[in-house]
Amino acid sequence: MRASAAERAGRVELDAAGLTDPQLRAAYAACRALHAEHGRTYFLATRLLPPARRVDIHALYGFARFADEIVDDPDGAGGGDPHSRLDALDAELAAALAGAPLPGSRPEVLAVAETARRHDLDASLFRDFMVSMRMDLTVSDYATDDELAVYVHGSAAVIGLQTLPVLGTVVPRAEAEPHAALLGVAFQITNFLRDVGEDLDRDRVYLPADELAAFGVDRELLTWSRRTGRPDPRIRRALAHLVARTRATYRRADPGIPMLEPVSRACVGAARVLYAEILDEIADAGYDVLTHRVAVPNRRRAAVALPRLGRALAARGTELARERAGRPSRG
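Residues numbered from 1 in each chain as written. Predicted model: local features only at pLDDT ≥ 70, side-chain atom pairs only at ≥ 80, totals over all residues. Heavy atoms only, no water.

Secondary-structure assignment places T144 in the loop between α7 (123–138) and α8 (145–167). C-alpha of T144 to C-alpha of L207: the two residues are 63 residues apart in sequence and 8.4 Å apart in space. Setting aside chain neighbours within four positions, we find T144 in contact with P208 and D210. (Helix = DSSP H or I, 4+ residues; strand = E, 2+ residues; numbered from the N terminus. Contact = heavy atoms within 4.5 Å.)

Structure (structure tokens):
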């Protein structure tokens, strides 16, 4: 049977990364499929990376997505109690990170453990991530931004820190890490603002209660608006405040993009622009995120990605020329 375009692209990436083991290739392919299906914005941006680096981003996304699906299944419809499934995933991950994967380990675990080995990722980042996943099973709202920050550190900041070694830097990594963490946080808060309605349906509110209260908003009002489909000016003002604060987080993260290796800047720059434009879509919708889910139109995604493709290809050419000349790749 003739391979699809996606399968052929996946093989190119695996070959470029030097992955030959059939089990690992299948594991990375599974992560790529999860990324393509559920992370459209970031998947598109990842296409701007050199093929060899894409596989590791797919692995990090695929593992995070699989864990997220467990905690978003409180009734166990996906195959058992979420607490038990998360415990099993954690045990598989710990064993795989230690170099002794358990028999029958999930492909997402095998791929992310290989990525961790290839890039010497700190195991504590994965432990912090799993802490936040467990919080999703027991915590339904956050009283203050400080409380939310504990969750967001493990669910988002660590993702930025995990991807940084894959992307590479032209400065000492420690200098770029705060910006990478902030960008992960900005992406996550953007998702929270977009998904207020869907999260309410899961009995969760990922917006600080004290900041909502400053505008006269509480869970009861959000639930009423979600149920009736009626807007409320208090909700609109609260969301406008949180959108403005999230824009400021993006600006604080921005200095980190020039710190990346040239071949990675187009990818992260595209993701940054497209995620921030979700905030524009929220504002254009009158901050109505309780009756429908906003999204950046496909034509806009293409308009952002295509100009960056030329810059990405030029950066790859420069990197290749430097490698052939025996010089390190630095911007």
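The next thing to look at is the nonpolar core. Looking at soluble globular proteins, one finds that nonpolar side chains tend to be buried together. With 84 residues, the main nonpolar core has L89, L193, L207 and I282 as its most contacted residues. In terms of residues, this core owes the most to one element, helix α14 (residues 262–284), which gives 11 residues. Look past the residues within four positions of L89 in its chain and what remains in contact with it is F63, F66, A67, I70, V109 and M130. Of all hydrophobic cores here, the second largest spans 11 residues; its members include A17, A27, A59 and L110. (Core = buried A, V, L, I, M, F, W, Y, C linked by side-chain atoms within 4.5 Å. Buried < 20%, exposed > 50% of the residue type's maximum accessible area, 1.4 Å probe, protein only.)

Inspection of the entire model under this criterion finds eight aromatic pairs. With a centroid separation of 6.1 Å and 55° between ring planes, the pair formed by F187 and Y250 is classed as tilted. With F187 in helix α9 (residues 173–194) and Y250 in helix α13 (residues 233–253), this pair connects stretches of sequence that are 63 residues apart. The pair F187 / Y250 is uniform in exposure class, with both members buried. Counting every residue linked through ring pairs, the aromatic cluster contains Y142, Y151, F192 and Y206. (Phe/Tyr/Trp six-rings, centres within 6.5 Å; stacked < 30°, edge-to-face > 60°.)

Where side chains of opposite charge bring their charged atoms close, a pairing between them can arise. In total, this model carries 25 salt bridges according to the counting rule given. In this structure, R25 engages D15 in a salt bridge whose closest nitrogen and oxygen atoms are separated by 2.9 Å. With a gap of 10 residues between them, R25 in helix α2 (residues 22–38) and D15 in helix α1 (residues 5–16) connect regions that are remote in the sequence. For R245, the salt bridge is made with D145, and the minimal N-O distance between the two is 3.1 Å. (Salt bridge = Lys/Arg side-chain N within 4 Å of Asp/Glu carboxyl O.)

Before going further, it helps to examine the environment of L290. By secondary structure assignment, the location of L290 is in the loop between α14 and α15 (298–324). Separated by 64 residues in the primary sequence, L290 and R226 have C-alpha atoms spaced 5.1 Å apart.

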